[in-house]
Amino acid sequence: MNIQNAQKEVDDWIKEHGVRYFNELTNMAQLTEEVGEVARIIARRYGEQSEKESDKDKDLGEELADVMFVVLCLANQTGVDLQSAFDKRMYKKGKRDHDRHHNNEKLK
């Protein structure tokens, strides 16, 4: 599935199940909350904090998908074609960073 299809799938879901989009500020707060859930898993599973028993069943993939869902909502409601924006960003990063990381002594 490409990003454009994902945006449409989210929009269809909102229309069928969600009644309407939350406003942009609510979705921004929701995005922050979802990113926090991802951060908690990463910090405890891969970082130095111990993982609580109640967190061990948390699925990182599902939490990342929650982040993606809210990002797609924000793109839809603000009129952003995320596929086009992503393609443009990857092109820019490819040009700008082509040799940058290979020449970074810290990464060797």
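Structure: see above.
Nothing here was measured: the structure is a model prediction, and the numbers come from that model.

Here we look at the packing of aromatic side chains
So, point 1. For the structure shown, the criterion picks out 1 aromatic pair.
So, point 2. An angle of 90° between the planes, with centres 5.6 Å apart, marks the rings of Trp-13 and Phe-69 as edge-to-face. With Trp-13 in helix H1 (residues 3–18) and Phe-69 in helix H3 (residues 60–78), this pair connects stretches of sequence that are 56 residues apart.
So, point 3. By relative accessible area, Trp-13 is classed as partly exposed at 41%.

Regarding the side chain of Asp-11
So, point 1. Checked against the element boundaries, Asp-11 lands in helix H1.
So, point 2. Judged by its relative accessible area of 17%, Asp-11 is buried.
So, point 3. At a separation of 2.6 Å, a polar atom in the side chain of Asp-11 contacts the side chain of Tyr-21.
So, point 4. Apart from residues lying up to four places away in sequence, Asp-11 is in contact with Tyr-21 and Asn-76.

Observations concerning the nonpolar core
A general trend in soluble globular proteins is that nonpolar side chains are found buried together.
So, point 1. In this structure, Leu-31, Val-38, Ile-41, Leu-60, Val-67, Val-70 and Leu-74 together form the largest nonpolar core, which totals 7 residues.
So, point 2. Among the secondary structure elements, those contributing two or more residues to this core are helix H2 (24–45) and H3.
So, point 3. In terms of residue count, H3 provides more of this core than any other element does, 4 residues in total.
So, point 4. If we ignore the near neighbours within four places in the chain, the residues touching Leu-31 are Val-67, Val-70, Val-71 and Leu-74.
So, point 5. Counting 6 residues, the second largest nonpolar core, distinct from the first, contains Ala-6, Ile-14, Leu-72 and Cys-73.

Basis of the calculations
- What you see as residue numbers is a count from 1 along each chain, following the sequence as written.
- Under the rules for a predicted model, residues below a pLDDT of 70 receive no local features and side-chain atom pairs below 80 are neither given nor counted, while totals for whole chains, interfaces and linings still include all residues.
- Note: side-chain values were computed over all heavy atoms of the structure, leaving out hydrogens and water.
- Between the rings of Phe, Tyr and Trp (Trp by its six-membered ring), a pair exists once the centres lie within 6.5 Å; its type follows the angle of the planes, with under 30 degrees stacked, over 60 edge-to-face, and the other angles tilted.
- Only DSSP runs of H or I with at least four residues qualify as helices, and only runs of E with at least two residues qualify as strands; both kinds are numbered from the N terminus onward.
- Here's how the labels work: a residue is buried when its accessible area is under 20% of the maximum for its type, exposed when over 50%, partly exposed in between, all with a 1.4 Å probe on protein chains only.
- In protein, a polar contact requires one atom able to donate a hydrogen and another able to accept it; more generally it is a pair of N or O atoms within 3.5 Å, and residues adjacent in sequence count only if both atoms are side-chain atoms.
- When checking whether two residues touch, look at their non-hydrogen atoms; a contact exists if any pair is within 4.5 Å.
- Buried Ala, Val, Leu, Ile, Met, Phe, Trp, Tyr and Cys residues form a nonpolar core when they are joined through side-chain atoms within 4.5 Å.

Take it as geometry only, folks, not as evidence of what the structure does.
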